[in-house]
Amino acid sequence: MRALVLLLLVITPLFTLAGCGFMMTKVEINEQTFVFAMYIDKGKQPNTVEVTISAPLPNRLTSGSQAGGQASGDPYAMVTKSSVTVQDALSLIQRDLTRRFDFSHTRAVVVGHRYAEDGLHDLMDWFQREPTTDLDTYLFVAPGKATQVASLTPVFEQMPSEVLARIGDQHNVIGTTFLDCLVAASANQGYALTYLSAGMKPMIADQGKPEPWVGVHGTALFQDHRLRTTLPLEPSLTISWAENQLRGSLYTVSWDKSGKASVYLIQNRAKKSVRLVDGRPVFTIKLKGIGDVIFKRNGIQTDSLSAKYAIERELNEVIKEHLATAIRTSQRERADILQLGMLLDWNYPDYWEKVRSNWSQAYANEAVIEIVADVKVRNFGSVLKSKPE
């Protein structure tokens, strides 16, 4: 036994010297194409899908070329093919490439509006079967074709994929990954994806020349991997808040006809709970936050304390109405985008077993959702600070 241990101690370090070629299943890095983003649309022919990949061009990403400004063209390439499935389209793209696919660096997948309406089932199936994919990849919905988003101008980044990844990381609305979608669908519940906007915008950096621009429009509501409807930005922010994903938000409220104030939330969190009342699930969503007044125009009430209470009252009413709008829409579309069913499963597993198979209908017709907003204003008015001595 002792001799075997000594032999292993001698042989094990040799494996680190064998290089990548020791494992025959591995592919050398200079033989791979790292796909940073994918764009999925309905094909021009019936029952087909159009797939576009975006990958960096190593020969245009060298530091010397960047510093010297000698590289011409974009530092990335996009290739598009159509076929009957996502995998078939990717196979056609692979035939034209000199390197093998690697999806481990894919940070964003954008689906077109029409493709999303038909359902993401094939995309989800491929994503689960492809061994190199990352379940933390963000998923977005384009207002038209996904390739319209692919042509965006990356003003502050090098590639469009970096722009999309940062939108997901910063939680401008809601950052939903493939894992989130798969978990929700497995429990017969819905989910919300960031709904992008796309258009042309003059770029000062290019002497005012109009360039493709992509921003955040709101959220897209899904049930059973199918797009049901979309929400504008204001109710979408409360969806993100309820999911504890919102990072700062600005609200402007009015009171006493002429009073107006803008409050920036520096802290926000949410808590969800459920109870059974007369055999029906009653959910309570509580949104709490602390904000600073960054703009104020006095109304009839000139007293600071009265104005503070008025701002908090109006602010909480606005937030409640925004979330109520999102909830009413989700119930109408039978899409439990906040995964309240999971909360019901954790607290009342026996009841959940009775409604799980038909939860989308129970969510729409049986669930009662109460909303509580509790936002406090921390700093009110302006303070003149003198220089420290």
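Rules of the game
Residues numbered from 1 in each chain as written. Predicted model: local features only at pLDDT ≥ 70, side-chain atom pairs only at ≥ 80, totals over all residues. Heavy atoms only, no water. Helix = DSSP H or I, 4+ residues; strand = E, 2+ residues; numbered from the N terminus. Contact = heavy atoms within 4.5 Å. Areas by Shrake-Rupley, 256 points an atom, 1.4 Å probe, with all protein chains shown as cover. Salt bridge = Lys/Arg side-chain N within 4 Å of Asp/Glu carboxyl O. Patch = residues over 30% accessible without salt bridge, like charges linked within 9 Å, V, L, I, M, F, W, Y side chains within 5 Å. Buried < 20%, exposed > 50% of the residue type's maximum accessible area, 1.4 Å probe, protein only. Arc of directions from axis to C-beta.

## Considerations on the overall build of the protein chain
- Helix and strand counts for the protein chain stand at 13 helices and 14 strands.
- Intrachain contacts of the protein chain at a sequence separation of at least 6 include 69% that bridge at least 24 residues.
- Just so you have it, the protein chain exposes about 21000 Å², and 52% of that area is on carbon and sulfur atoms.

## Describing the environment of S54
- Note on placement: S54 falls in strand 3 (residues 49–56).
- Taking the C-alpha atoms as reference points, S54 and T80, 26 residues apart in sequence, are found 9.2 Å from one another.
- When neighbours within four sequence positions are excluded, S54 is seen to be in contact with F34, V35, F36, A37, Y39, Y76, A77 and M78.

## Here's the deal with the pattern of salt bridges
- Summed over all chains, the structure comprises 15 salt bridges.
- Of the charged contacts, one joins K42 and D118 as a salt bridge, the two residues approaching to 3.0 Å between their closest N and O atoms. With a gap of 76 residues between them, K42 in strand 2 (residues 37–42) and D118 in helix 4 (residues 113–118) connect regions that are remote in the sequence.
- Here K81 makes a salt bridge to D96, at a shortest N to O gap of 3.0 Å.

## Comments concerning a nonpolar patch on the surface
- There is a patch of nonpolar side chains on the surface, built from L250, Y264, I266, I294 and F295 and spanning about 460 Å² of accessible area.
- At the level of secondary structure, the elements contributing two or more residues to the nonpolar patch comprise strand 12 (259–277) and strand 13 (280–297).
- Along the polypeptide, Y264 turns up in strand 12.
- Among the residues examined, Y264 registers a relative accessible area of 37% and is labelled partly exposed.

## Quick word on helix 8 (residues 178–186)
- All of the buried residues in helix 8 are F178, C181, L182 and A184. Projected down its long axis, helix 8 shows its buried positions confined to an angular sector of 165 degrees, all on one face.
- Just past helix 8, the residue N188 takes up positive phi, approximately 60 degrees.

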